[in-house]
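The lines below spell out each chain.
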Amino acid sequence: MDKLKAYETFASVAGRGSLSAAARAEGVAPAVIGRRLDALEAQLGVKLLVRSTRRIALTHEGAAFLDDCQRILAEVAGAEASVSAGGVQASGQLRITAPAGFGRRHVAPLVPPFHEAHPRLRISLNLADRIVDLAAEGYDCAVRVGDLPDSSLISIRLADNHRLAVATPAYLRRRGVPRHPQDLARHDCLVLSSDASQSRGWAFTIDGQPMHLRPHGPLDCSDGQVLHAWCLAGHGIAWRSTWEVEAEIAAGALVPVLQAYAAPPNGIYALLPHATRHLPLRVRLWVDFLKQRYAEPGFWTRP
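A. Representation of the overall build of the chain in the model. A count of helical and extended segments in the chain gives 11 helices and 14 strands. Sorting the 303 residues of the chain into buried and exposed places 46% on the buried side. Considering only residue pairs separated by 6 or more positions, the chain has 73% of its internal contacts joining residues 24 or more positions apart. Split by element, the accessible area of the chain, about 15,500 Å² in all, is 52% carbon and sulfur.

B. Highlighting the sheet that holds strand E12 (residues 237–241). An order of E11-E8-E12-E7-E13 is seen for the five strands of this open sheet, with the pairing classed as mixed. A single partner strand is all that each edge strand has here, and the edge strands are strand E11 (220–221) and strand E13 (255–257). Of the strand pairs in this sheet, strand E8 (residues 189–192) and E12 are connected by two bridges, and their pairing is parallel. Bridging from a neighbouring strand, Leu190 pairs with Ala238 of E12. Together, strand E7 (163–167), E8, E11 and E12 form the strand contacts of helix H9 (residues 224–232), whose direction differs from that of E8 by roughly 175°.

C. Spatial organisation of unusual backbone geometry. Positive phi is not limited to glycine here, since Asp207 has a value of about 55°. Looking at where Asp207 falls in the secondary structure, it is placed in the loop between strand E9 (202–206) and strand E10 (209–213). With relative accessibility at 77%, the residue Asp207 sits in the exposed group. Its identity is not glycine, yet Leu258 carries a phi of approximately 60°, on the positive side. Topologically, Leu258 is positioned in the loop between E13 and strand E14 (266–272).

D. Spatial organisation of H9. Of all the positions in H9, only Gly224, Leu227, His228 and Cys231 are classed as buried. Buried residues of H9, viewed axially, fall in a sector of 100°; they line one side. Summarising the contacts, the buried residues of H9 are in contact with helix H5 (100–106), E7, E8, E11, E12 and helix H10 (242–251). Among the residues of H9, the N-terminal cap falls to Asp223, whose side-chain oxygen and the backbone nitrogen of Gln225 are separated by 2.8 Å. Phi turns positive one or two residues past the end of H9, at Gly234, with a value near 85°.

E. Seen up close, the pairing of E8. Where E8 lies against E11, two bridges are found, and the strand directions are parallel. By the bridge assignment, Leu192 is partnered in E11 with Cys221.

F. Quick look at the nonpolar core. Counting residues in each nonpolar core, the largest one holds 30 residues, and the members touching the most others are Trp286 and Tyr294. Those elements that provide at least two residues to this core are strand E3 (92–98), helix H6 (111–117), strand E5 (141–145), strand E6 (154–161), E14 and helix H11 (281–294). With eight residues, H11 is the largest single contributor of residues to this core. In contact with Tyr294, other than residues within four places in its own chain, are Phe102, His106, Val107, Leu110, Leu158, Ala159, Ile268, Phe299 and Trp300. Leu19, Leu40, Leu49 and Ile56 belong to the second largest nonpolar core, which has 18 residues in total.

G. How the structure looks around helix H3 (residues 30–44). The terminal C-alpha atoms of H3 lie 21 Å apart, and with 15 residues this matches the ideal 21 Å at 1.5 Å per residue to within 8%. Residues Ile33, Gly34, Arg36, Leu37, Leu40 and Glu41 constitute the buried set of H3. End-on view of H3: buried residues confined to an arc of 160°, all on one side of the axis. For H3, exposure combined with an orientation more than 90 degrees from the buried face picks out Arg35 and Ala42. Looking one or two residues beyond H3, the residue adopting positive phi is Gly45, at roughly 75°.

Cut-offs used in this document
- Residues numbered from 1 in each chain as written.
- Predicted model: local features only at pLDDT ≥ 70, side-chain atom pairs only at ≥ 80, totals over all residues.
- Heavy atoms only, no water.
- Helix = DSSP H or I, 4+ residues; strand = E, 2+ residues; numbered from the N terminus.
- Buried < 20%, exposed > 50% of the residue type's maximum accessible area, 1.4 Å probe, protein only.
- Contact = heavy atoms within 4.5 Å.
- Areas by Shrake-Rupley, 256 points an atom, 1.4 Å probe, with all protein chains shown as cover.
- Pairing = 2+ DSSP bridges.
- Axes fitted to C-alpha atoms, helices over the stretch in contact; angles between N-to-C directions.
- Arc of directions from axis to C-beta.
- Polar contact = N/O pair within 3.5 Å; in protein donor to acceptor, adjacent residues only side chain to side chain.
- Core = buried A, V, L, I, M, F, W, Y, C linked by side-chain atoms within 4.5 Å.
- Expected span 1.5 Å × (residues − 1).

Here is the structure:
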């Protein structure tokens, strides 16, 4: 048995929490993963994992062995990278997930250039607005926008994300510019329908204190892109993220209002199922690539 492959399989199963997730990540049948683990345990003469139909747990010996496995795998990856012809090169499969709207605009366009830099990679991008279970579903990295719930996942902040109220110049000429958040009650606000919104409302800072308002208007929708389109058509004021409207603001198609009451930004994050010091090279390079591109001057204002 290839010892290095056995170590990789063990680390993958331990990190992802199931044989099936590790099998999906590698593109093999769960039975193959199971046989590798059986052979590794037989070779070592100890039980590394307690397996049941619902979950996998590390034994005391397995937890100690996992640290050594991850260290060995990281050292091997580093050694391979240091002698690769094109510099630091990643290989294997990279599975990424991101929210649909943000992913279409600011993740999907970055995948091809990243692949060009690392042609030995196979990259799979899933765009979905549901919360994906990284470990259970075999994903290496999730890009998420907004406040993060408490989680055992590792989070790396990639960029700031501001939320702001915007409208077209034509709407503001017709209806006037709101000077205080309370003025929104007299405006046509384009809001997420109540069955779709999971937020606490539109956030502002008033007298140094955070405040959330839930404006109302004649039009609401469960889809944020529709609200964006309605706003661009001049139908009202919308509450959008800077990643979605920075280009239109720069072009003069939209105008931010109530900026004196802006709330602190939330973040754009990379979420990882493993501790950062044991990240596979492909994941570490992808996260660094995102941070670098998102920090480029003018990135968010590009059409």
